[in-house]
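# Tertiary structure, described
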Amino acid sequence: MVTRTRVEEVHIIWMTAGLGCDGDTISTTAASQPSIEDVLLGAIPGLPKVYLHNPVLAYETGENFMSWWYKAERGELDPFVLVVEGSIPNEKIKSEGYWAALGSDESGQPITTTTWVDRLAPKAWAVVAAGTCATYGGIHAMAGNPTGAMGLPDYLGWHWKSKAGNPIVCVPGCPVQPDNFMETLLYLLYQAAGLAPTIPLDEALRPTWLFEKTVHEGCDRAGYFEQGDFATEYGSPKCIVKLGCWGPVVQCNVPKRGWMAGIGGCPNVGGICIGCTMPGFPDKFMPFMDEPPGSKFSSSVSRSYGRVIRSLRQFTNDTLNKEPSWRRPGPELKTGYQPTWK
Ligand code: SF4
Ligand code: SF4
């Protein structure tokens, strides 16, 4: 459904006060399609004017910076997009103190991150979880953590909808791939401008066009996998599944897209995929540097037929590496040319 109401201005309230490292904010500064500057300076036609309030990137500090939070709370920034970075701690498991907070109230007590989510989420046009901690809990929510941390959909509910009818939008990644995040934000801005239908999300609330394919499906080492040719040590250009790559069962586009401007990535450049975009990360992937148990069957099957396929391909490849016989100097034309005007 296309939102018909045209929005002239959108504020982005970006809260980095979850349990996190600000890595997603930093990562996003590397985006180029679009860049943060493109969005803020109005380089993209048709978009609303965008005001960004992120503590890492803002000029304002202290209470001046916090004033935007209070305006949003009072309903004076309508519409605004709430971006949450870092996982949400469970503040109910202790009698005093706080796990995470931003700003302070009249009595000088810190305002917890969960309080801000409770205050702002119901007033937001859309809520976006940036990075795997905010989306699914991530590293901070791993077994043995003391905070009871969780992702935003765990906290608000997986079927939660904003007042504009938008589900929570999850852009996972640890950190988030720069252009993945900015592309999602761009989509939402087009949606707010009435130029796009409701953002398509999968069952884990991820934008479908970014996360529906697996790492393996976009990895340029998959040719080695298919031929049963596996690296036995780091530094090899071959498939690294036996060194711990989880690519065949992980949804992420980084090897296909690269990290910045097509450069970098993970298994495509020799680093095992540890499944950092997945709801089961990190516990279900550890220890990272062991071969994934599920890959043993598929890799041994491809190893058995891969040798035969490789030798047949080598044979064909040898013939393709030789030019046709008629490409020679000499008095006679041997190309098979038949003139039609004789
Ligand atoms: S390195 Fe990983 S993602 Fe790439 S082909 Fe091998 S198993 Fe698949
Ligand atoms: S390829 Fe794997 S490790 Fe790399 S960003 Fe994607 S999910 Fe994370």
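Residues numbered from 1 in each chain as written. Chains lettered and ligands numbered in written order. Predicted model: local features only at pLDDT ≥ 70, side-chain atom pairs only at ≥ 80, totals over all residues. Heavy atoms only, no water.

A separate point is the overall build of the protein chain. Counting its secondary structure elements, the protein chain contains 11 helices and seven strands. Taking 20 Å as the expected radius of gyration for a compact globule of 342 residues, we find that the protein chain reaches 26 Å, considerably beyond that expectation. Seen along its three principal axes, the alpha-carbon backbone of the protein chain occupies a region of about 95 × 55 × 35 Å. Out of the 342 residues belonging to the protein chain, those deemed buried represent 46%. Of the roughly 17400 Å² of accessible surface on the protein chain, 57% is carried by carbon and sulfur atoms. Each charge class in the protein chain can be summarised by its mean position, and for the 29 positive and 34 negative side chains these summaries are 12 Å apart. (Helix = DSSP H or I, 4+ residues; strand = E, 2+ residues; numbered from the N terminus. Rg over C-alpha atoms; globule rule 2.2 N^0.38 Å. Buried < 20%, exposed > 50% of the residue type's maximum accessible area, 1.4 Å probe, protein only. Areas by Shrake-Rupley, 256 points an atom, 1.4 Å probe, with all protein chains shown as cover. Lys, Arg positive; Asp, Glu negative; His and termini not counted. Charge placed at Lys NZ, Arg CZ, Asp CG, Glu CD.)

The environment of ligand 1 is formed by Val215, His216, Cys219, Arg221, Ala222, Cys239, Ile240, Val241, Cys245, Gly247, Pro248 and Pro267. Classifying every residue of the shell around ligand 1 gives nine nonpolar, two polar and one charged. (Near = heavy atom within 4 Å. Nonpolar A, V, L, I, M, F, W, Y, C, P; charged D, E, K, R; others polar.)

Turning our attention to the site of ligand 2. With respect to spatial proximity, the complete set of residues near ligand 2 consists of Val215, Val250, Cys252, Val254, Pro255, Cys266, Pro267, Cys273, Ile274, Gly275, Cys276 and Thr277. Broken down by class, the residue content of the shell around ligand 2 amounts to 10 nonpolar, two polar and no charged.

Right, let's talk about the sheet that holds strand β7 (residues 169-171) for a bit. Pairing within the open sheet is parallel, and its five strands lie in the order β2-β1-β3-β6-β7. At either margin of the open sheet sits one strand with a lone partner, and together these are β2 (49-53) and β7. Neighbour-to-neighbour, the strand axes of the sheet open up by a mean angle of 20 degrees, direction not taken into account. Pairing of strand β1 (residues 9-15) with β2 involves five bridges; the strand directions are parallel. Note on β2: the bridge partner recorded for Ile13 is His53. Along the sheet face, helix α4 (residues 113-120) touches β1 and β3 (80-85) and points at about 160 degrees away from the line of β1. Strand contacts of helix α7 (residues 178-192): β1, β2, β3, β6 (126-130) and β7, with the helix running at about 160 degrees to β7, the strand carrying the most contacts. (Pairing = 2+ DSSP bridges. Axes fitted to C-alpha atoms, helices over the stretch in contact; angles between N-to-C directions. Contact = heavy atoms within 4.5 Å.)

In this section: the packing of helix α3 (residues 62-73) against α4. One can describe the packing of α3 onto α4 by two numbers: an axis separation of 9 Å at closest approach and a directional angle of 40 degrees. Considering the angle they form, α3 stands oblique to α4. Handedness of the α3/α4 crossing: left-handed. Taking contact as the criterion, the partners of Met66, Trp69, Tyr70, Ala72 and Glu73 in α3 are, on α4, Trp116, Arg119 and Leu120. In terms of residue class, the contact of α3 with α4 is made up of six nonpolar, no polar and two charged. (Parallel < 35°, antiparallel > 145°, perpendicular 65-115°, else oblique. Left-handed = near helix turned anticlockwise from the far one by under 90°.)

The UniProt entry lists residues 211-288 under the feature "domain: Cytochrome-c3 hydrogenase C-terminal" (unreviewed entry), expressed in the numbering used here. Between the end C-alpha atoms of residues 211-288 there is a gap of 21 Å, over a span that is 13% helix and 0% strand. (UniProt positions renumbered as here; feature names shortened; annotations may be inferred.)

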